[in-house]
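Here is what each chain is made of, one letter per residue.
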Amino acid sequence: MRPRDHNFFTNAGMLTLCGLLSGVVVAAAAFPAAAMSGLAAKAGSESFAALPGELKKASAPQVSRMVAADGKTEIAVFYDEFRSDVPLKDISPNMLNAIVAAEDHKFYDHNGVDLKGVARALVSNNSDSNDGQQGASTLTMQYVRMSLAYSAQTPQEVVDATTDTPKRKVTEMKYAMQVEKEMSKEEILQGYLNQAPYGNGSYGIAAAAQVYFQKKPKDLSIAQAALLAGMVKAPTGFDPTTSVGYPKALQRRNWVIGNMKDLGYITPEQAAKAVKEKLGHTVKRTGNGCAAVKTNSWGFFCDYFYRWWMGREEFGKTEFDRERRLKSGGYRIKASLDIKSQKAARDNISEQIGNKDRDALLLAGVEPGTGLVKTLAANRKFKLDDASNPQNGLSSNPELKKKGVRASFPNTTNPLLSGGGDIHGYQAGSVFKIFTMIAALEKGYPLAYPINTVYQYKSTQYRDSGDCAPYWCPRNASQSEKGPYNMWTGFGSSVNTYFVPLEERVGSDSVIDVAQRFGVQFREPGDASRAKNEAKTWGAFTLGVSASTPLDMANAYATLAADGMYCEPTPVEQITTMNGEKLDVGGKHCTRATSPDVARATIDAARCPVGDQAQLGSCGGHTTAGVARGVVGHPIFGKTGTTDGDKTASLIIGSSSIVVAGYLVNPEYQNHPYQMRHDVVNPAVEKTMRDILKGKKKVQFKKPAGTKISRGEQKSIPGVKCVSLAAAKASIEGAGFTATVGSEVASDCAKGQAAGTEPSGQTIKGGFVSITVSAGAKEDKPGNQQPGNEQPGTNPPGGGQAGPGGGGRPGN
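Here goes a summary of the coordinates provided. (Residues numbered from 1 in each chain as written. Predicted model: local features only at pLDDT ≥ 70, side-chain atom pairs only at ≥ 80, totals over all residues. Heavy atoms only, no water.)

Quick word on empty space enclosed by the protein
Going by this rule: Here the term cavity refers to a set of points on a 1 Å grid, laid over the protein atoms alone, in which a 1.4 Å probe fits but cannot get out; the term pocket refers to an open set having protein on both sides within 12 Å along at least five of seven lines, with lining residues being those that place an atom within 4 Å of a point. Grid points are joined across faces, edges and corners, and a volume is the space filled by probe spheres set on the points. Helical segments are the DSSP runs of H or I of at least four residues, strand segments are the runs of E of at least two, and each set is numbered from the N terminus. Throughout, the ten residues Ala, Val, Leu, Ile, Met, Phe, Trp, Tyr, Cys and Pro are labelled nonpolar, Asp, Glu, Lys and Arg are labelled charged, and all others, Gly among them, are labelled polar.
For the structure shown, the criterion picks out four cavities of 30 Å³ or more. Forming the walls of the largest cavity are Glu 367, Pro 368, Gly 369, Thr 370, Gly 371, Asn 555, Ala 558, Thr 559, Ala 562, Met 565, Tyr 566 and Cys 567. Listed by contribution, the elements that provide at least two residues to the lining of the largest cavity are helix 22 (550-561) and strand 16 (565-567). Within the lining of the largest cavity, the residues separate by chemical class into six nonpolar, five polar and one charged.

A word on the layout of surface pockets
Taken as a whole, the largest pocket encloses approximately 1,000 Å³ of empty space. Taken together, 38 residues make up the lining of the largest pocket; nearest its centre are Arg 475, Asn 496, Thr 642, Thr 643 and Asp 644. Elements with a contribution of two residues or more to the lining of the largest pocket: strand 13 (471-472) and strand 20 (637-642). For the lining of the largest pocket, the leading source of residues is strand 20, giving four residues. Classifying every residue of the lining of the largest pocket by side-chain character gives eleven nonpolar, 19 polar and eight charged.

Considering the state of the cysteines
How we decide: Any pair of cysteine sulfurs within 2.5 Å is marked as a disulfide. Relative accessibility under 20% of the residue-type maximum defines a buried residue, over 50% an exposed one, and the middle range a partly exposed one, all with a 1.4 Å probe and only protein chains included.
Applying the stated criterion to the full structure yields five disulfides. Across the disulfide from Cys 608 sits Cys 619; the S-S distance is 2.1 Å. The chirality of the disulfide connecting Cys 608 with Cys 619 is left-handed, given an S-S dihedral of about -75°. Within this pair, whereas Cys 608 is found in the loop between helix 23 (596-606) and helix 24 (628-632), its partner Cys 619 is found in the loop between helix 23 and helix 24, the two being separated by eleven residues in sequence. For Cys 608, a relative accessible area of 1% puts it in the buried group. When the cysteines of the protein that form disulfides are numbered from the N-terminus onward, they connect as 1-2, 3-4, 5-6, 7-8, 9-10.

Considering the sheet that holds strand 22 (residues 659-665)
Operational definition: Here, strands pair whenever DSSP counts at least two bridges between them. All axes are obtained by fitting lines to C-alpha atoms, using only the stretch in contact for helices, and the reported angles, taken between N-to-C directions, cover 0 to 180 degrees. Every residue pair with non-hydrogen atoms within 4.5 Å of one another is taken to be in contact.
Within the open sheet, the five strands sit side by side as 7-6-22-21-20. Their pairing is antiparallel. Looking at strand neighbours, the two that pair on one side only are strand 7 (373-378) and strand 20, the edges of this open sheet. Averaged over all adjacent pairs, the angle separating strand axes in this sheet is 10°, with direction ignored. Across six bridges, the pairing between strand 21 (residues 649-654) and strand 22 is antiparallel. Paired with Leu 651 across the strands is Gly 662, a residue of strand 22. Across the sheet, helix 15 (residues 339-352) touches strand 6 (360-366) and strand 7, and the angle it forms with strand 7 is around 25°.

Let's talk about the environment of Gly 767
By the element assignment, Gly 767 lies in the loop between strand 26 (762-764) and strand 27 (768-774). Residue class for Gly 767 comes out buried when judged on its relative accessible area of 0%. The spatial distance from the C-alpha of Gly 767 to the C-alpha of Ala 739 is 8.7 Å, given a sequence separation of 28 residues.

What to know about the nonpolar core
As a reminder of what qualifies: The criterion is simple. A nonpolar core is a set of buried Ala, Val, Leu, Ile, Met, Phe, Trp, Tyr and Cys residues joined through side-chain atoms within 4.5 Å.
Judged by nonpolar contacts, the single largest core of 99 residues is most densely connected at Met 66, Ile 75, Trp 309 and Phe 435. With eight residues, the single largest contributor to this core is helix 13 (residues 299-310). Counting 62 residues, the second-largest nonpolar core is a separate cluster that includes Ala 98, Leu 148, Ala 196 and Leu 279.

Structural notes on the pattern of salt bridges
Using the following cut-off: One side-chain nitrogen of Lys or Arg within 4 Å of one carboxyl oxygen of Asp or Glu is enough to make a salt bridge.
Counting across every chain of the model gives 29 salt bridges. Among the salt bridges present, the one from Arg 517 reaches Glu 442, with a minimum N-O distance of 2.9 Å. Taken as a pair, Arg 517 in helix 20 (residues 508-517) and Glu 442 in helix 17 (residues 433-442) lie far apart in primary sequence, 75 residues in all. Across the salt bridge formed by Arg 517 and Asp 513, the nearest N and O atoms sit 3.0 Å from each other. Taken as a pair, Arg 517 and Asp 513 lie in helix 20 at a separation of four residues, close to a single helical turn. Residue Asp 513 is classed as partly exposed on the basis of its relative accessible area, which comes to 35%.

And the structure:
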């Protein structure tokens, strides 16, 4: 800005004279007894020209605001000092006039220093009649003092900028005259009003207008502006919310109004009206941080954001630096939280379980292809329990209860959904089987790959110390789960003894590698050690014994919906500085976790557990979430999970646009003796998905290219109609298949002979072929086939291309 014309102190000699005079006057004001002593002489004789004159422009701490994905709903604010700078055009003229009337009547006439005012203050402040309403510092000098304090780099520099000494006063004077050369009066007023403290946690005029009157600074009335201008001198002493401060604040306000009238800023009529305006006794402070979110259910998301910020080195080398930047940098943070999705999750949780329940129902939602975290909800109040009046009872964990440790319900600030601190996660059970399926598909095993399962499987590859030692002998949930299964039917019915031998074939280390690529964190130290040192022998990994969080698993399944692209979960869409600069931090950061065809094939099989229909094969069964497709009303995929003894229950459901993972757990007592119920977690996840997708276009999942990844290498099945069972079995096994004898069917073949096969025509090379047994001759009908004459390429109901087990069996 072009320097303004000055007619006062136009040369260095006059500046020096000003320095000498100011030094003496200030010394006398501060130390009356020594006005003519060596102290005053020293202060006055110091070379004025040698004092610094270039004022460092440092921004005062600004509040950072986080808004939701809609760009307008405020979630939380973070600050050390509650302040948001505003331009002069957004400040009421009443406020500009009031601050001049309160602090510096000659503001528009002087060049930064009012020597008459200094002398007047000296006389007034040393007289018995001093009313404390006259000061030596101009508004420009006060602005300099605040700027020096905010630009200080050390505690000593803060002391030097604020301690009342002659040297500080002289320094302020020189800075003030230099500021007046570089800034207009309007710019100085703007800087002053934005930096000044107004009490009750408000700094700057925008904060003060909000705290005291819940309005914008441009809307301040004469009386309101006069109150705030009068408080700058002593915010605590003139605090209208205290019994002592209220009468002083009222008197000070009316004094400022009188000055505004005397200076011609307002008419006598306006002054009389303003004096009659009632002064309130209360203020409305703005809460700080995640404990003061606008809606309590947003607290877990806010806490996730805060922990995310504190872990980013882009915001500072140390956690102290990062927190200071968040609380003073004036950032505008557009978060990923979707208000509609969050409300749906919280409402559906509340339908199933209360805040005071010992068990926590946790729902996390992630957008595929971006990693944007859309919802984090729990049946908990996000708040610290009041130690003086606790609402939380004793812990449900007997060991902790003995020690008098209180529970984490209904109040907690623990990161239950995202992990961190002491929260390592929870065993989620069979939702981890998806990683084994992905690993198998990556190694060339097709969806139709058959395994002839048994109720209890003896693994010689993985060892255990249990009742089957030294072998590991996992069982299925039901004794009816045995026989041929493939990936569609095995995943659909969650057959343990399908996935354990499948894991043996691909290697548990490969399965763990897939999980890591899909973002699973090993926060629990024991899990981390096994993943690193025992990956080849960790057979139980496929059954979900590793701790995970709902956010981990929602994002892992979202990777499939994103065609195999893993995107780091993030709580922000955009961070903008107070200068309007958009930061390249927290945006989409994605890497390929698996191929698009593997992702698409996996989704096809994962449609089975949740009651949807596979496009490439036949499901033949589903888990306890079999009604999910009907509830959601959109194409979906997903999986239920249960651990040993039903200590946790989980459900993940995904679409092309959102994935929601729900866990029902006891965070403080995971090895409890009771059962978690899917009829609690399942409806919450299903209805949340329904509500989020309501009104949105139904999007079908993409198919992989070709059929090899689904059907594998197909081979024709020999015709065996009306031959002996022994001959049929020999023929089928001679063709490279595994033959089994199935059920009896009506046939025109002799009783006990082979009536045909299931499937017929073709099936996967090396697959299972079931021989149907004739129950006896039946009446001839047109089109009956002759022995050994099945039509190649025909399939039984349900689609024989699914391979053995394609007909399926009831789900668990």
